[in-house]
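# Breakdown of the fold
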Amino acid sequence: MSNKLNTNMLVLATHNAGKVAEMQKILAPYDIKVLSADDLKLSEPEETGTTFVENALIKAISASKEANMVAIADDSGLCVHALNNRPGIYSARYNEPKKNGFDYAMKCLDEELKEKTDNKDRSAHFSCAIAVAFPNGETKTFEGIVNGSLCWPARGNAGFGYDPMFVPDGYDKSFAELSGDVKNKISHRANALKQFIDYFLK
């Protein structure tokens, strides 16, 4: 496949406003306009994959077909090493954060970790797979991770999801305490997006 996008407009296959804002900021220097699934009133496909890559492809392909545009999608999650990398692909569904809020999901995760490990191993990583789908059916995927550990209580008001309880290696602040500029340089999504940028935009 060509390593050129041949477009300055992408649809980001997500209804998550935080992800849209993050992606728009990272891609702004390349004059890429990012539309969201909400902007185009796209449907939300069922994520039936067993890996981050499979779920990212499901979302990107669906959005590309529906919008007849180049689509980009990510699937990401928190992998806690002592919990066999759970919640992993189920991060957005662990203890129903859409219904109960991520504060509750983070509290449950911390309690489960304490029960299983006596608080000794709090290492974790965030993983992100990015899929790009073209109207002609071609696809390309990229994967990025960032290693760190889980803190409790959760700290900070920036970011989204599990950011307040994740401290990346080499830092003493959680993702939710770091500035957006710093997070956008070191995060799992930034890592995967850098690969996307190097492949398609440079």
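Structure first, text after, so check above.
Treat the numbers as computed from the prediction; the structure is a model and nothing was measured. (Residues numbered from 1 in each chain as written. Predicted model: local features only at pLDDT ≥ 70, side-chain atom pairs only at ≥ 80, totals over all residues. Heavy atoms only, no water.)

### Some words on the overall build of the chain
From N to C terminus, the chain includes six helices and seven strands. In the chain, the succession of α and β elements from N to C terminus is β-α-β-α-β-β-α-α-β-β-β-α-α. The C-alpha radius of gyration computed for the chain amounts to 17 Å, which stays within 12% of the reference 17 Å derived for 202 residues, consistent with globular compactness. In the chain, which comprises 202 residues, the share counted as buried stands at 48%. Of the contacts formed within the chain by residues at least 6 apart in sequence, a portion of 62% connects residues at least 24 apart. Counting only carbon and sulfur atoms, one obtains 48% of the accessible surface of the chain, whose full area is about 9900 Å². (Helix = DSSP H or I, 4+ residues; strand = E, 2+ residues; numbered from the N terminus. Rg over C-alpha atoms; globule rule 2.2 N^0.38 Å. Buried < 20%, exposed > 50% of the residue type's maximum accessible area, 1.4 Å probe, protein only. Contact = heavy atoms within 4.5 Å. Areas by Shrake-Rupley, 256 points an atom, 1.4 Å probe, with all protein chains shown as cover.)

### Side note on the nonpolar core
For soluble globular proteins, the rule of thumb is that nonpolar side chains tend to be buried together. Counting 21 residues, the largest nonpolar core has L5, L10, L27, I72, V132, L193 and F196 as the members making the most contacts within it. Secondary structure elements with two or more residues in this core: β1 (9-12), α1 (17-27), β5 (123-133) and α6 (188-200). Sort the elements by how many residues they give to this core and α6 lands first, with five residues. If we skip the residues at most four places from it in the chain, L193 touches M23, I26, L27, I72 and I130. (Core = buried A, V, L, I, M, F, W, Y, C linked by side-chain atoms within 4.5 Å.)

### Examining unusual backbone geometry
Looking along the chain, the bond that leaves R86 and enters P87 is cis, with omega of 0 degrees. Residue position: P87 is located in strand β4 (residues 86-87). With a phi angle near 55 degrees, D31 is a residue other than glycine that sits in the positive phi range. Position of D31 relative to the elements: it lies in the loop between α1 and β2 (33-36). The phi angle at N68 is positive, at roughly 55 degrees, despite the residue not being glycine. Looking at where N68 falls in the secondary structure, it is placed in the loop between α2 (52-67) and β3 (71-80).

### Re α6
For α6, built from 13 residues, the straight-helix expectation of 18 Å at 1.5 Å per residue is met to within 8% by its first-to-last C-alpha distance of 18 Å. Here α6 has its buried residues at H188, R189, A190, A192, L193, F196, I197 and F200. Lining the buried residues of α6 we find β1, α1, β3, β5, β6 (139-150) and α5 (180-186). (Expected span 1.5 Å × (residues − 1).)

That's the geometry; what it means functionally is another story.
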